[in-house]
Amino acid sequence: MSDLWPRIEPLLASVERPARYIDREWGALHIDDAEYRAALVYPDAYELGMANQAIGILYQCLAAIPGVAPERAFLPWRDMAEQMRHNDVPLFTLESCSPLSEMDLVGITLPYELTYSNILEILDLACIPLRAADRTASDPLVIGGGPCAYNPEPVAAFFDAILIGDGEHAIGQIVSVHRAVKASGVSRHEILSALAKVEGVYVPSLYSTDSGSAVSLGIAPARVTKRLLDDLGMVRSPVCPVVPFMDVVHDRVTVEILRGCSRGCRFCQAGMVYRPVRERTADTIVRDVLAGLECTGHEEVSLTSLSSADHSQLEEVLRRLSRRLEGTGVTVSLPSLRVDAFSVEIARLLGGGRKTGLTFAPEAGTQRMRDVINKNVTEEDLLGTVRKAFSAGWHRIKLYFMIGLPTETDADIEGIGALVRKVQEAAKESVPPAQRGGIRIGVSVATFVPKAHTPFQWDAQITLDEVRRRQSVLRDSMPKRGIDLSWHDPEVSFLEGVMARGGREIADVIEHAWRAGACYDAWTEEFSLGRWREAFDACGVDPLSIGSRVREFDEKLPWGHIQTGLSSEFLRIERERASEAITTPDCTFDECTGCGVCPTLGVDVILGGESRE
Amino acid sequence: MSEGLFRLRIAYPKAGRLRFLSHLELTTACERAARRAGLPYAVTQGFNPKMKVAFGPALPVGTGSTCERFDVWLREYVPAGEALERLRSSSSIDVAPLDACYVALRAPSLAASLTIATYDVVTVGGVSVEDQQGSLDALVKAGELVVEHKGKQKVFDLASTLPKEPKVRTSNGQTVVEITTRMGDRGSLRPESLVMAAFQRSGTSGSVLSVTRTRLAEEEDA
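Computed from a predicted model, the values in this text were never measured in an experiment.

Q: When you look at the layout of surface pockets in this model, what are you seeing that I'm missing?
A: By rolling a water-sized probe across the atoms, one finds the places where empty space is left. All names here are of chain B. Size it by volume and the second largest pocket reaches roughly 1,400 Å³. Elements with a minimum of two residues in the lining of the second largest pocket: β5 (114-124), β6 (144-149), β7 (152-157), α6 (191-201) and β10 (207-218). A per-element tally of the lining of the second largest pocket places α6 first, with 6 residues. Residues belonging to the lining of the second largest pocket are distributed by class as follows: 25 nonpolar, 11 polar and 9 charged.

Next comes the structure, spelled out in C-alpha cells:
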C-alpha cells in the first residue's frame, strides 16, 4: 500500500472544504495489517455519500470479517479533481490514503441515474480501466449495487459484477469467494464465474444482449434473483458509524426501523423492489438509537424507512425515546410522513416542542389520479391533517406533486391547483387571524419518470415540450398568492427516464458525455442536457424511443433477467387496474395482494408489533 | 431546561490533519466529543435546546493551534481531571483536550476576553533569517497593511494591530516567524498575510508552509 497523504496535503490549501479529504473522523477504522481491502465508494461528493445508509451498513459488515479492512472513497469536488490530475495524484481511499486501484474490491453505490457519469470520473481518477472488459488481474474487482441495480444494463459494461438487492450478507459472501479464488491464482474470468454463483450477483460479461434482453452464456443463472435479508433483526443497525466533521446532508444517527413498503403506489420503484415489509422490533430500535447516540455524540437521530409512520410500534418507540432523551437536547426525526398516518401525537413526540415544517406527498390533485397511482389518500385525509397540524401550532407545510402520470389530463393538473387552494384555506381557518401571515405553503412539482419493475414500466414519459405545456396549465391553476412553487428540473427528469429504462447501448452514451465533460449531473449548476443530446446523437441512440415510447406487454425489457420476486402478471394486472382507477390495498394492513414476492423468495412479512392500524 | 451550575473550561489543540477543519466543523466536533464523554452538560432554554457551550476566537481553515479553548456548562459537578480523561478518550487525537478546569460562572466570555493571539508561521523559500526580519521590520515601520480577501480590501493599522514586533527565528531547521496580533471587531489580520506582504516587499519568492496559533491572551497580558 502506498500512503498518498504527503502528496495530497499540499493540495488542500487551495481547495474548498478540505474536510472532505482528511479522514480521521470519529469511528473511521484503520486496520493496518489487513489481508484484504475493500473500498466503499459513493459516486458523489463526501457530504452526500456520508449521508448514505448503505455505505454505513456495509462498512460495518466488512469490518466484522477478520482480515478485511473497509475503506471509503468519494468523488472529489471539481477543484480537487483538477488539482489531483494536475499533480498526478490518483483517487485515494480515506482510511489508508492509498490509491483506489490498490484495493482488492471497489464497491460503487448506484444511488441515482444522474450519478452514472460520476462513476466514470471515479474510475478514471483512480486509473482503473473504465470498462470491465479492459481490466486485468492487477485491477481491483469493481462491483456495483444499490437502487439503480434493478436495471443494471446502462452501466453493466463498467462493472465486473453488480449485486441486486440487500447487501448485508451478500457482501461477506462476495469477499469470501473472491479471497478464496484469488488465493488459488485463477484468471479474472474464473473469478467472475465463481461470483456469478453467489445469490444476487449479476456478472454482465457472462450474458449476451444481442436479442434485446440479457441471455446467460451458460455459467451464470438465466435470471438473477435479488438478494433479500429475510429478517432485519439478523443484522444490527450500525451503532458506531463514522461521524463526519463536515456538515453533511443528513448529519445524524440513522436507525432503519423497517425495510420495504407495500402501500403499492404504482409509480414507486422502491415500494415494488424492496418487498416484503420487514420491521425491526421496538426493543431493538430503542436499544440501537441510544447506543448510536452514545457512540457518535450526534444531536439528532432519524428513524428511517420508506414509510416510517407505518411501523406497527412507532408511537411506543417515540414515547420511550422521548422519555429517555429528555433534557439532552437530542431530537428524533422521521424522514417523511404519509398524509393519512400523521397524528399530532406523533408530531409532538418528534418535535420536542419544536414545530418545524411538515412534508406530505399527495402526489396528484384529483381522486381519480390518486386512484390511478394507488396513492390511497383522500382530499379529506389531507385537509383533515392540515387542520390538525395548523391548529396544533404548525405554520409550515410542503406538498409534493407529480405531473405527467399515466392517463393524466389537464383536469387532473388543474386539480393540483384546486387542492393547494383548499389546503391554503384550511390552513388559514385553523390559525388565529394574527398568525395568518406566518403560514408558509411550499409546493414542489416533479415530472413522473417511469421506472423498471413497476406497473408503469411499459408507459411513456411525457416529452419536454409536453412537460412545459403542463407546467403552464399548473401555474395558471395555482392560487396567485402565498404559495412557494418549485419545479424539479424537467431536463434532468428526461435524462433520468432514459437512463432508468435503457439497455447496454447507454454505456457508450454515458462514456461519450463524460468525455465531453459531464460529471456531477445531479448538481443543477453542473448539468447540461446539450452535452447529453450530443452524446445520444454521436452514439446513434434515440432517447425518445427509450423514454417516451409505450411498450407492449410482451416486449422484451432490458431488465427482464432481474428477478425481484414480483410476478410480471401482477405488474400487468396492476397496470390494468390503474387504467380503470381501481385501487389495490396494502397487504400489511389487509389481505395478500398476490404480488408474488413472498412465495417466490420464500419469505414473509415481519411486523414488530401484532398488527398495523 | 437545565441550569448550568458549573462552567468547565477545556484547553485543546487543533493539530495534524484536523487543522483543515473550519471553525464550525471544529466546534461541532468538540460538542460531539462532550456528548460521547457522557458529561452532564446543560442545555440552553427555548424552542431549540442545545448544549450550552461557548468557544474562543475562530481559527481559519488550515490554521493549527496548540491553545484553543471552549467552555461547557454542566448540571452536575464532575472532577476536572475525570472530565478531562473522559473527553480525551472521546476525541480524535488531533483535537484531544490538554487541560480542564472550572471557572467562575460570571467570568467574561472567551470570545470577548481573548483578544491577543500569537502565531508561529513556518516559511520556506531560502531567505535568511536576517533578511526576513529586516523586511518585516520595514513593513511594520510603514505603518499600514492593505489586505485583499475574497475581493474586499481591508486596511490594518499595524501599530494597533501588532502589540509586539514580529520576530524571526530558526527552530528544528525551519524558519519560523512569531507574530502577535490584536483581534478587532472589524476583522483580524491573518499572520500569513503579513509574512507574504513582507516577502513581496523584499522581492523574494518565499511561501508559507504552516500557521499555528501558540498563545491566546487577554488584553492586559499583551
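Q: What is the right way to look at the environment of A:Asp590 in this model?
A: Looking at where A:Asp590 falls in the secondary structure, it is placed in the loop between α20 (568-579) and α21 (597-601). The spatial distance from the C-alpha of A:Asp590 to the C-alpha of A:Arg612 is 9.3 Å, given a sequence separation of 22 residues.

Q: Looking at this model, I keep getting lost on empty space enclosed by the protein. Mind explaining?
A: Summed over the entire model, instances satisfying the criterion amount to 5 cavities of 30 Å³ or more. If you trace the largest cavity, you find 14 residues lining it, with A:Trp26, A:Phe245, B:Ala29, B:Arg36 and B:Ser92 closest to the centre. Its residues placed into classes, the lining of the largest cavity shows 7 nonpolar, 4 polar and 3 charged. Looking at the second largest cavity, its volume works out to about 80 Å³. Looking at the second largest cavity, the residues that line it are A:Arg20, A:Tyr21, A:Tyr46, A:Ala73, A:Phe74, A:Leu75, A:Pro76, A:Leu91, A:Phe92 and A:Leu94. Its residues assigned to classes, the lining of the second largest cavity shows 9 nonpolar, no polar and 1 charged.

Q: When you look at the domain arrangement of chain B in this model, what are you seeing that I'm missing?
A: Residue and element names in this part refer to chain B. Each domain of chain B was delimited in the assignment, giving domain 1 (6-107) and domain 2 (114-221). Inter-centroid distance (C-alpha atoms) of domain 1 to domain 2 is 28 Å. With 12 residues of domain 1 in contact, the opposing surface of domain 2 contributes 11 residues. Ranking the residues of domain 1 by area buried against domain 2 places Pro57, Cys67 and Arg69 at the top, with a combined share of 43%. Along the contact surface separating domain 1 from domain 2 lie 1 salt bridge. Across the salt bridge formed by Glu68 and Arg213, the nearest N and O atoms sit 2.9 Å from each other. Where domain 1 touches domain 2, the interface holds 7 residue pairs in polar contact (both at pLDDT 80 or more).

Q: I keep staring at the state of the cysteines and nothing clicks. Help me out?
A: Formally, a disulfide is one covalent bond, and it connects the sulfur atom of one cysteine to the sulfur atom of another. Residues and elements named next belong to chain A. According to the stated counting rule, one finds 1 disulfide over all chains in the structure shown. With no disulfide of its own, Cys261 lies 6.4 Å from the sulfur of Cys265, the closest cysteine sulfur. You can see Cys265 has no disulfide; the closest cysteine sulfur is in Cys268, sitting 6.1 Å from it. On the accessibility criterion, Cys265 (11% relative accessible area) is buried.

Q: Could you clarify how one ought to interpret the nonpolar core in this entry?
A: What tends to happen in soluble globular proteins is that the nonpolar side chains get buried as a cluster. Residue and element names in this part refer to chain A. Core analysis: the largest hydrophobic core is formed by 206 residues, its most contacted members being Leu100, Leu303 and Trp532. The biggest single contributor to this core is helix α14 (residues 410-430), with 7 residues. Residues in contact with Trp532, not counting those within four places in the same chain, are Ser117, Leu495, Met499, Val509, Ile510, Ala513, Ala518, Asp521 and Phe527.

Q: What is the right way to look at the packing of aromatic side chains in this model?
A: Ring pairs (aromatic) are described by centroid distance and by the angle formed between their planes. Enumeration according to the criterion identifies 13 aromatic pairs over all chains in this entry. Relative to B:Phe70, the ring of B:Phe55 lies with its centre 5.2 Å away and its plane at 25 degrees, an arrangement referred to as stacked. Taken together, the positions of B:Phe55 in strand β2 (residues 53-55) and B:Phe70 in strand β3 (residues 64-74) put the pair 15 residues apart, joining distant regions of the chain. Just above the ring of A:Trp5 sits the side chain of B:Arg17; from NZ or CZ to the centre is 3.9 Å. Above the ring of B:Trp73, the side-chain terminus of B:Lys52 is found at 4.9 Å from the ring centroid.

Reading guide: rules and limits
Residues numbered from 1 in each chain as written. Chains lettered and ligands numbered in written order. Predicted model: local features only at pLDDT ≥ 70, side-chain atom pairs only at ≥ 80, totals over all residues. Heavy atoms only, no water. 1 Å grid on protein atoms, 1.4 Å probe; cavity = no way out; pocket = protein on both sides within 12 Å on 5 of 7 lines; lining within 4 Å. Points joined across faces, edges and corners; volume = space filled by probe spheres on them. Helix = DSSP H or I, 4+ residues; strand = E, 2+ residues; numbered from the N terminus. Nonpolar A, V, L, I, M, F, W, Y, C, P; charged D, E, K, R; others polar. Domains from an automatic or database assignment. Contact = heavy atoms within 4.5 Å. Buried area = accessible area lost by both parts, 1.4 Å probe. Salt bridge = Lys/Arg side-chain N within 4 Å of Asp/Glu carboxyl O. Polar contact = N/O pair within 3.5 Å; in protein donor to acceptor, adjacent residues only side chain to side chain. Disulfide = S-S within 2.5 Å. Buried < 20%, exposed > 50% of the residue type's maximum accessible area, 1.4 Å probe, protein only. Core = buried A, V, L, I, M, F, W, Y, C linked by side-chain atoms within 4.5 Å. Phe/Tyr/Trp six-rings, centres within 6.5 Å; stacked < 30°, edge-to-face > 60°. Lys NZ or Arg CZ within 6 Å of the ring centre and 35° of its normal.

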